[in-house]
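# Secondary and tertiary structure notes
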Amino acid sequence: MSIVALIGDGTTTTSLAVASGWPDTEPPLVMEADPSGGSLAAWLDTPALPSLATVVTQFTRPDDAEAAAQTGRRTDVLAALEPSVHRPSAGVAFVAAPTRSIAASRAVEEAATVVFPALAATDEFTAIVDTGRHGGHLPLPPVLRHSDVIVACHRQSAASARAGAVRLERFAEQIVHWSTGGRALIPMVIGDEPFDPDEIGRFLVARSDGAPIHALHVLADDPLAAAVLAGREGVSARRLQRLPLMRSAADLARRVCDTVHEQRFGTPLAPRAHAGGVRP
């Protein structure tokens, strides 16, 4: 399975938007792996359980693997994963992290040793893993080691250009840290103020120390679409797909999907039409 890890600002919203705009016929699975706690169960109005902690528990039970083998299903993590997938009536399929930070941190730590390595070893589907914010001084989130592509997310703030410049300096430092190991890294900035994205792209390249980063992608700063993804009602699926965030996220999804294919097979995908739409 291909793993796309999102890290930085606004990763939960971006994960949903990218999954909704995924260009292939087989939509990805969104997995919350934010040690500060999960939000998707509340946003998409599903029960808090099962969660990533449930996946870890099921996967470490040997009788589950034996039962999967007897029924002819793929063993180990895929057999344990399916019962924990939430499928909301409108939105993408996802695995929720526990809501509380202590439980979420423990589940993410345990998943790093058993779940994510096994997922990376399969070829069944693509997972978009939301790892949340992460300080550049901290050890890398373990899931990054198993990822084909890392999307590094940064939100601009128009309140103060000087404050924004300081945050960009930190973002550039984090990118070098996150790209350790030669993984494909796509930097993404939310919003086009106070700094022009082209200027940011040149700045990141200059500060990259030769790290293998791709061209900067710009995601629209769109509070309405972000609110809808977080559970706001009253906006139709058709209108949602026309909003700036969803259009720019569809472009990002195509870039990520092509990069995953290049990482796996060494060649880009053939041109194809984008179906769009919010998939269940």
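Scroll up for the structure.
A brief structural summary.

Time to look at the packing of aromatic side chains. For any pair of aromatic rings, geometry is given as the distance between the ring centres together with the angle between the planes. Evaluated as defined, the whole model comprises one aromatic pair. Ring geometry for Phe171 and Trp178: centres 6.4 Å apart, planes at 70°, overall edge-to-face.

Together, Asp192, Glu193, Asp196, Asp198 and Glu199 make up a negatively charged patch on the protein surface. Given the relative accessible area of 39%, Asp196 is considered partly exposed.

Within strand β4 (residues 126–130), five of the five residues are buried, which leaves it mostly tucked inside the rest of the structure. Residues Thr126, Ile128 and Asp130 line one face of β4 and the alternating positions Ala127 and Val129 line the opposite face, and both faces are buried. Strand direction decides the pairing type here: strand β1 (residues 2–8) and β4, joined by five bridges, are parallel. Bridge pairing in β4 links Val4 to Ile128. Pairing between strand β2 (residues 29–32) and β4: four bridges, direction parallel. Each bridged residue has a counterpart across the sheet, and for Met31 the counterpart in β4 is Val129.

Bringing the sheet that holds strand β3 (residues 94–95) into the picture now. One open sheet holds the seven strands; their spatial order is β3-β2-β4-β1-β5-β6-β7, and the pairing between them is parallel. The open sheet has two edge strands, β3 and β7 (217–219), and neither has a second partner. With three bridges connecting them, strand β6 (residues 184–190) and β7 associate as parallel partners. Within the sheet, the bridge partner assigned to Ile190 lies in β7 and is Leu219.

This brings us to the packing of helix α3 (residues 52–59) against helix α6 (residues 101–120). Two elements in contact, α3 and α6, have axes separated by 9 Å at closest approach and are oriented at 55°. As far as their axial angle goes, α6 and α3 are oblique. Crossing of α3 over α6 shows left-handed handedness. Listed contacts from α6 to Leu52, Ala53, Val55, Val56 and Phe59 of α3 are Ala107, Val108, Glu110, Ala111, Val114, Val115 and Ala118. Taken together, the residues of the contact of α3 with α6 sort by class into 11 nonpolar, no polar and one charged.

Another aspect to go through is the pairing of β6. On a regular strand, one side chain projects to one face of the sheet and the next to the other, so that they alternate. Counting buried residues along β6, seven of its seven residues qualify, which places the element largely inside the surrounding structure. In β6, alternate side chains face the same way, and those of Ala184, Ile186, Met188 and Ile190 on one face and Leu185, Pro187 and Val189 on the other are all buried. Strand direction decides the pairing type here: strand β5 (residues 149–155) and β6, joined by seven bridges, are parallel. Its bridge partner lying in β6, His154 is registered against Val189. Crossover handedness for the path β5 to helix α7 (residues 161–178) to β6: right-handed.

Together, Arg232, Arg238, Arg239 and Arg242 make up a region of like positive charge exposed at the surface. Along the chain, Arg238 turns up in helix α10 (residues 237–242). Judged by relative accessible area, Arg238 falls into the exposed class, the value being 67%.

On to unusual backbone geometry, then. At the junction of Leu49 and Pro50, the peptide bond is cis and its omega measures out at 0° in the coordinates. With respect to the helices, strands and loops of the structure, Pro50 is situated in the loop between α2 (40–43) and α3. Cis geometry is found at the peptide bond from Glu193 to Pro194, where omega equals 5°. Within the secondary structure layout, Pro194 lies in the loop between β6 and α8 (197–206). Phi is positive for Asp45, which is not a glycine, with a value near 60°. Secondary-structure assignment places Asp45 in the loop between α2 and α3. Under the relative-accessibility criterion, Asp45 is labelled exposed at 72%.

Further remarks concern helix α11 (residues 244–265). An ideal rise of 1.5 Å per residue puts 32 Å on 22 residues; α11 measures up with 32 Å between its terminal C-alpha atoms. Leu245, Met246, Ser248, Ala249, Ala250, Leu252, Ala253, Val256, Cys257, Thr259 and Val260 are the residues of α11 that are buried. Where α11 ends, the next residue or the one after it, Gly266, has phi of about 80°, a positive value.

What follows deals with α6. Most pronounced at Ala112, the bend in α6 amounts to some 60°. Taken together, the buried positions of α6 are occupied by Ala104, Ala107, Val108, Ala111, Ala112, Val115, Phe116, Ala118 and Leu119.

What counts and how
- Residues numbered from 1 in each chain as written.
- Predicted model: local features only at pLDDT ≥ 70, side-chain atom pairs only at ≥ 80, totals over all residues.
- Heavy atoms only, no water.
- Phe/Tyr/Trp six-rings, centres within 6.5 Å; stacked < 30°, edge-to-face > 60°.
- Patch = residues over 30% accessible without salt bridge, like charges linked within 9 Å, V, L, I, M, F, W, Y side chains within 5 Å.
- Areas by Shrake-Rupley, 256 points an atom, 1.4 Å probe, with all protein chains shown as cover.
- Salt bridge = Lys/Arg side-chain N within 4 Å of Asp/Glu carboxyl O.
- Lys, Arg positive; Asp, Glu negative; His and termini not counted.
- Charge placed at Lys NZ, Arg CZ, Asp CG, Glu CD.
- Buried < 20%, exposed > 50% of the residue type's maximum accessible area, 1.4 Å probe, protein only.
- Helix = DSSP H or I, 4+ residues; strand = E, 2+ residues; numbered from the N terminus.
- Pairing = 2+ DSSP bridges.
- Axes fitted to C-alpha atoms, helices over the stretch in contact; angles between N-to-C directions.
- Parallel < 35°, antiparallel > 145°, perpendicular 65-115°, else oblique.
- Left-handed = near helix turned anticlockwise from the far one by under 90°.
- Contact = heavy atoms within 4.5 Å.
- Nonpolar A, V, L, I, M, F, W, Y, C, P; charged D, E, K, R; others polar.
- Right-handed = clockwise from strand over helix to strand, strands pointing away.
- Expected span 1.5 Å × (residues − 1).
- Bend = angle between axes of the 7 residues up to and from the residue.

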